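Single-letter residue listing:
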Amino acid sequence: MIIGFTAPGQPRGVAVAVAPTSASTSAANTVRLVSTIGLTPTGELGASLAFENTAPVRQYGDARTCFGVLGTVTVKDDVFLGVVLDRQHVGVLRGAPVFRITRVGFFSLTTDEHDDYDYTRHTYIDSVLGVASSNTSSPYAATPNSPAIVSDLQPAAANAAAAVQNMFKLASSAISNAAKSNALSPTVDNSPSPNANGYDDESASIADDATNNLNSSDKHPCVAIMKLFSAGSFYYSEEYDLTSRCASWVDASTTDFFDRANSDFFWNANMLAPILNMRANDLSTGPRASLDRSGMLILAIQGFVGITTIHPAPSPIKLCIVSRLSCRNAGTRFNARGINDDGFVSNFVETEIIIDPTNLAFLASFVLIRGSIPVFWEQQGQGIQFQHRVELSRGFEASALAFKKHFETLENQYGQIHIVNLLGNGGAEATLASEYAKQVQQYNNDRDKKLYYSHFDYHGQVKAGGHERANLVLDQDRIKAHLDNWSYTLIETNKDKSEGVNPAMAHAVIKQQGVLRVNCLDCLDRTNHIQYIVARLMVDKILKEMELRDLFSYNSEAKDVFQDLYQNLWADNGDWLSKIYTGTGALKTSLTRRGKQTIMGLIDDAAKSVNRLYVNNVLDKHRQQAIDVVLGKQSAHSAKSRLLISSSSSTVENDLLNRKAEFVSTQQISVFVGTWNVNGKSPHGEPIEAWLQSRALSTPPHLVLIGIQELIELNAQQIVQVGGDTEKLRIMWDTHLMRVLNDHSNYGGGQYVSLRSASLLSSGLFGYLRRDCVENVRFVELAYCKTGLGGMAANKGGIGLSLQFHDTSIAFITAHLAAGEKSEEERNRDYNTITDGLNFKRKALKEHDLKFWFGDFNYRVNLPNNDARSFLDRGEIGPLLSHDQLSLSKARGYAFDGFTEAPIHFPPTYKYDNGTTVYDSSEKGRCPSWTDRILFAGKGIQCLEYTHSDNLLMSDHRPVRAAFSCQVELIDVNARNALKQAISKRNTPASALLFDYEQSDNVVGGGSSSSKGKTVAFSEQSVLHNLSNEQPSLIDFSDENTVWDSVPGG
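Residues numbered from 1 in each chain as written. Predicted model: local features only at pLDDT ≥ 70, side-chain atom pairs only at ≥ 80, totals over all residues. Heavy atoms only, no water.

Peer 1: Could you give an account of the overall build of the protein, with specific residues and numbers?
Peer 2: A tally of regular secondary structure across the protein gives 24 helices and 34 strands. Long-range pairs, those at least 24 residues apart, make up 74% of the contacts in the protein between residues at least 6 apart in sequence. Accessible area of the protein: about 39500 Å², with a carbon and sulfur share of 48%. (Helix = DSSP H or I, 4+ residues; strand = E, 2+ residues; numbered from the N terminus. Contact = heavy atoms within 4.5 Å. Areas by Shrake-Rupley, 256 points an atom, 1.4 Å probe, with all protein chains shown as cover.)

Peer 1: Which residues make up the pattern of salt bridges, and what values do they have?
Peer 2: For the structure on display, the rule yields 32 salt bridges. For aspartate 342, the salt bridge goes to arginine 778, with nearest N and O atoms at 2.2 Å. Within this pair, whereas aspartate 342 is found in the loop between strand E12 (317–325) and strand E13 (349–357), its partner arginine 778 is found in strand E27 (residues 777–788), the two being separated by 436 residues in sequence. Across the pair aspartate 540 and arginine 536 runs a salt bridge, and its minimum N-O distance is 2.5 Å. Note that aspartate 540 and arginine 536 are positioned in helix H12 (residues 525–545) at a spacing of four residues, about one turn of the helix. Overall, arginine 536 belongs to the buried group, its relative accessible area being 17%. Connected via shared salt-bridge partners are Arg245, Arg324, Glu350 and Glu352. (Salt bridge = Lys/Arg side-chain N within 4 Å of Asp/Glu carboxyl O. Buried < 20%, exposed > 50% of the residue type's maximum accessible area, 1.4 Å probe, protein only.)

Peer 1: Hey, could you go over unusual backbone geometry for me, with residue numbers and the actual values?
Peer 2: The omega torsion across tyrosine 910 and lysine 911 is 0°, close enough to zero to call that bond cis. Inspection of the secondary structure puts lysine 911 in the loop between helix H23 (885–891) and strand E31 (932–937). The backbone phi angle of arginine 94 is positive, close to 55°, even though this residue is not glycine. Structurally, arginine 94 is set in the loop between strand E8 (78–93) and strand E9 (96–108). By relative accessible area, arginine 94 is classed as buried at 6%.

Peer 1: Summarise the state of the cysteines; cite the residues concerned and give the values.
Peer 2: Counted under the stated rule, the structure contains zero disulfides. No disulfide involves cysteine 523; its nearest neighbouring cysteine sulfur is the one of cysteine 520, lying 5.4 Å away. (Disulfide = S-S within 2.5 Å.)

Peer 1: An account of the sheet that holds E27 is requested, with residue identities and associated values reported.
Peer 2: Two orientations exist for strands paired in a sheet by backbone hydrogen bonds: parallel and antiparallel. Read from one edge to the other, the open sheet built from five strands follows the order E27-E28-E29-E30-E31, with strand pairing classed as mixed. Two strands close off the open sheet at either side, each with one partner strand: E27 and E31. Pairwise comparison of adjacent strand axes, ignoring direction, gives a mean angle of 15° for this sheet. Both E27 and strand E28 (residues 793–805) contribute to a ladder of nine bridges, which runs antiparallel. If you follow glycine 788 over to E28, its bridge partner there is alanine 793. (Pairing = 2+ DSSP bridges. Axes fitted to C-alpha atoms, helices over the stretch in contact; angles between N-to-C directions.)

Peer 1: So what about helix H20 (residues 824–837)? Which residues, and what values?
Peer 2: Over its 14 residues, H20 extends 20 Å from the first C-alpha to the last, a length consistent with the 20 Å expected when each residue adds 1.5 Å. Those residues of H20 that sit buried are Glu824, Arg827, Asn828, Asp830, Tyr831 and Ile834. On an axial view of H20, the arc spanned by its buried residues comes to 155°, and they lie on one face. Exposed residues pointing more than 90 degrees away from the buried face of H20 are listed as Glu825 and Asp836. The inward-facing, buried residues of H20 contact E27, E28, strand E29 (808–816), strand E30 (850–856) and H23. (Expected span 1.5 Å × (residues − 1). Arc of directions from axis to C-beta.)

Peer 1: Quick rundown of the pairing of E28? Include the residues and the values.
Peer 2: Among the 13 residues that make up E28, twelve are buried, leaving the element largely enclosed by the rest of the structure. Where E28 meets E29, nine bridges bridge the pair, whose relative direction is antiparallel. Across the sheet, the residue bridging to isoleucine 799 is threonine 814, located in E29. Here E28 folds back onto E29 in antiparallel fashion, the turn holding two residues, of which histidine 806 has a positive phi close to 55°.

Peer 1: Please provide a residue-by-residue account of the packing of aromatic side chains, values included.
Peer 2: Under the definition given, this model contains 28 aromatic pairs. Pairing phenylalanine 403 with tyrosine 436 gives two aromatic rings, centres 6.3 Å apart and planes at 80°, and the pair type is edge-to-face. Of this pair, phenylalanine 403 sits in helix H8 (residues 396–414) while tyrosine 436 sits in helix H9 (residues 427–445), and the two are 33 residues apart along the sequence. With 5.2 Å between their ring centres and 35° between their planes, phenylalanine 857 and phenylalanine 896 make a pair best called tilted. Linking phenylalanine 857 in the loop between E30 and helix H21 (865–873) with phenylalanine 896 in the loop between H23 and E31, this pair joins segments that are 39 residues apart in sequence. Taking the relative accessible area as the measure of exposure, phenylalanine 896 reaches 1% and is therefore buried. Taken together, the aromatic side chains of Phe403, Phe407, Tyr436, Tyr443 and Tyr453 make up a single cluster linked through ring pairs. The ring of phenylalanine 779 has arginine 842 lying over it, and the distance from NZ or CZ to the ring centre is 3.6 Å. Against the face of tyrosine 912 rests arginine 958, its NZ or CZ located 3.7 Å from the ring centre. (Phe/Tyr/Trp six-rings, centres within 6.5 Å; stacked < 30°, edge-to-face > 60°. Lys NZ or Arg CZ within 6 Å of the ring centre and 35° of its normal.)

Peer 1: Before we move on, can you summarise the confidence of the model for the protein with the specific residues and values?
Peer 2: For the protein, mean pLDDT is 78; residues scoring 70 or higher make up 72% of the total. Contacts from residues 22–28, a stretch scored under 50 in pLDDT, to residues over four places away or in other chains number eight contacts. In the model, residues 382–386 has pLDDT below 50 throughout and makes 18 contacts with residues more than four positions away in sequence or in other chains. (pLDDT = per-residue confidence, 0-100.)

Peer 1: Let's hear about the environment of glutamine 624: which residues, and what values?
Peer 2: For glutamine 624, the position within the fold is in helix H16 (residues 599–631). The class of glutamine 624 is buried, set by a relative accessible area of 6%. When the C-alpha atoms of glutamine 624 and alanine 330 are compared, they prove to be 8.6 Å apart, with 294 residues separating the residues in sequence. Setting aside residues up to four positions removed in sequence, glutamine 624 forms contacts with Ala330, Gly331, Thr332 and Asn335. Separated by 3.5 Å, the side chain of glutamine 624 and the backbone oxygen of alanine 330 make a polar contact. (Polar contact = N/O pair within 3.5 Å; in protein donor to acceptor, adjacent residues only side chain to side chain.)

Peer 1: Talk me through the nonpolar core; I want residue IDs and the actual numbers.
Peer 2: One finds Leu93, Phe366, Leu516 and Ile530 to be the most contacted residues of the largest nonpolar core, which totals 61 residues. Per element, the largest residue contribution to this core is nine residues, and it comes from H12. If near-sequence neighbours (up to four positions away) are discounted, leucine 516 is found in contact with Leu368, Ile369, His418, Val420, Ile479, Leu483, Trp486 and Val534. In this structure, Leu703, Ala868, Ala962 and Phe964 belong to the second largest nonpolar core, which totals 50 residues. (Core = buried A, V, L, I, M, F, W, Y, C linked by side-chain atoms within 4.5 Å.)

Peer 1: I'd like to hear about the sheet that holds strand E24 (residues 703–709), residue by residue, with values.
Peer 2: Overall, mixed pairing links the six strands, which are arranged E25-E26-E24-E23-E33-E32 in an open sheet. Looking along the sheet, the strands with just one partner apiece sit at the ends: strand E25 (752–760) and strand E32 (941–948). Strand-to-strand, the axes of this sheet are offset by a mean angle of 20°, without reference to chain direction. In this sheet, strand E33 (residues 960–971) lies alongside strand E23 (residues 664–677) in antiparallel orientation, the contact comprising twelve bridges.

Peer 1: Explain the packing of H8 against H9 to me, using residue names and the numbers behind them.
Peer 2: It is at 10 Å that the axes of H8 and H9 come closest, and there the two elements cross at 70°. With respect to their mutual orientation, H8 and H9 come out roughly perpendicular. Pair H8 / H9 crosses with right-handed handedness. Contacts between H8 and H9 involve Phe396, Ser399, Ala400, Phe403, Lys404, Phe407, Glu408 and Glu411 on the former and, on the latter, Glu435, Tyr436, Lys438, Gln439, Val440, Gln442 and Tyr443. (Parallel < 35°, antiparallel > 145°, perpendicular 65-115°, else oblique. Left-handed = near helix turned anticlockwise from the far one by under 90°.)

Here it is in structure tokens:
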């Protein structure tokens, strides 16, 4: 297979074609995916992708070998096609070759600027972190060329000690400097080369060098994505679906390679979505089958695949481990924790051990799973520290629904579930363990089918009696009995395995009836050791019941070889899973490789721990951005897609958009928003029930959002006294607000649950959700932006809360802007800084359907104090409002452009003498002003009430509240899918597309042939390639009104 480009000076074109194996290869048996440039409806340069069916063809000479297409991504207003350039043969799994991706290329479809970019030169950072070399000889054998796989003998003790010393020196400066960069590309190609030990002699300067060059103009826009795919953790097979375990493979209801893929583990599904849409809509059965046979489109998993063959006479046995990392809630260590609203947990891995005796018509499969604690929790990873505070980010009720989804899904997939929780009994881990146990108890109370739950304090057991005590886990709560009863999957295959395992001839003799779900905090080191123990037990059981164990029992050498291969295979599996999540290999590797902890293993663990500190603080942000772009969770740099698709696919999507009313309905919800600067006063100072009730609402609002400013007084003494940590005050206010909402207001009866709360030094944001709406709210996340002292201090700034109610996105922003009567321009800058600086993962702030700003914005009235007070004494607020700084700035477009504020009919909210109704009587004599405000933007918002509470006197501000009626959308997914299927059938082409391939020494356009003499064919026609030869319509993948089969990140 080759990828080719048009010659310099010619309109940009890229094509991927399957090279014919002989001169007699017919055109109908070859395929070509072609892109050409064109203009979008807005006049911007874009590119089309299509399966070419036009003739005649001409030749272009710049062609290179590739092994398949990963898909497309949009980065920095350009669209790139990702292809595999190098791969490594891992082994054969059920007759199908399996490959590890070792190098990829991402080629622009609009320019040749990056065609020759070489990112494979390793830097200091790559060497220290163990980026896998494309020359590695085996994914499960430690070799000098595979630094990412670490045994207790590699790196040597000297290297490990050097790592500890050098990395700890580096960490302090690197973490602080790298945090200043928002670039997607984290590594520098010009950095000094590593020395013989893999560490640079001038390590102290590396962090500065890296930071200064992060935005270097010669960087490829997709370099972080390229490194992600080239790190050695992605695998694929052209003939076998790696996303599915054996049992699912046998039971598959379709033979279509992509239709039967398990979307939980199909990592490049979003990247391939436009191409798979063309495959479905533009190709009839014959050409589609030809495309699939070509292996052009790659279905990739991330995780680990290790395959080895053991040769006890007379029957060789193939031992395989396949670990599949879920892409549903994917991310790096401190960026992906806990569960999401769809019930998917971070670092979820399905590990399958396959035993395939080559001389028997059977193979056996045993499955284990691991995954993060399935509640909403977070752990901030910034700073030079090895222990990070754990925070339960959502209330018990909000977690319960996601918890239920998670385990119902697992039960549907795996049968019975036995949880093995390895968290400790002290500190933050005890908090998580307690929450986990409570969720299990409630889940079991509500249903007949039970979860089995075992809490095994791994560290406590090991500390008491050594790592051998980890084996005691098998005695916990009938774990061994469940393993025996739930058994494994045994598949009877076709007799001739030289031809692979034919699904049509295979059936399951035994099916595994349940699974162990193991977790610790990161689901890595402790989890890996316990799963190793369990898997070894089950491997022995399988060998015994397949009457294979005797092959080892009477041959000590064969037995030792088997044990060594198994231990190293499992240790490599743990190393790779750890490297994906944390950037380093697993700790306690010597336990699985050698069966005991060694001194060199301890030193190696220390080096890895420091490396993790560095990775989590310096590189993980960029790795997370790359993951999010690949999975469609965000468009890099908010780029709009420039990819145009063929007319058939475009017609389907446009028809869906035009018939949106057939599957989208609307609902009215009510929202209460309040804000109050409490001037450092306690929440118990005055009764606040009246403030939290709206006279305009006859029923309790669906959402309640409260902004509190000055949880502490903003003076140096108070800030130093609390040490910048207002967590206790946040909890105090959160508890009090919840109690008032549920016990002492018209909204009583326990109707509200905590949605989310957060603090930024002296500011707090508190969100509450009506209990009957828990199922309607998803994708809750926070973002912060400091604006004090030029963005360095949190005394001023904003907190954003993003959520989706049904299918409408809503953002709530509470802010405390710059103080001072003459600081209007600074306040405007603060607003714009917060608007640009609140970085939500799923959706940019400006892209939300509905937006609410509330807080102490500090805008003043531009009138002399005496004049303002004279107007107020006469009951006239109009003259003050005409000089209101916020209204003037908004009218001029300096701040809050596009936002609406309801008419103000209440007196200024600032500044009062504390405890009185008298405006400022101090020497400063501040002019009364409306510093506390609520504004909104979006379609379908109606403000029902906007007022203040004049009976709360403890602060120098008066609290403000607003009540809104908002229209939200609900998408009927079943109706949408049915409509899409009907439209697709109507647009299916009547005849097959024919593909042709020609090879010639004639190069058109002045280009020269590559060194291997390869060429690739393009059409002479200048129009974009599609069935009707009509200009394809622009499909904007970032447009939330566009409906796709697979919603990005869904």
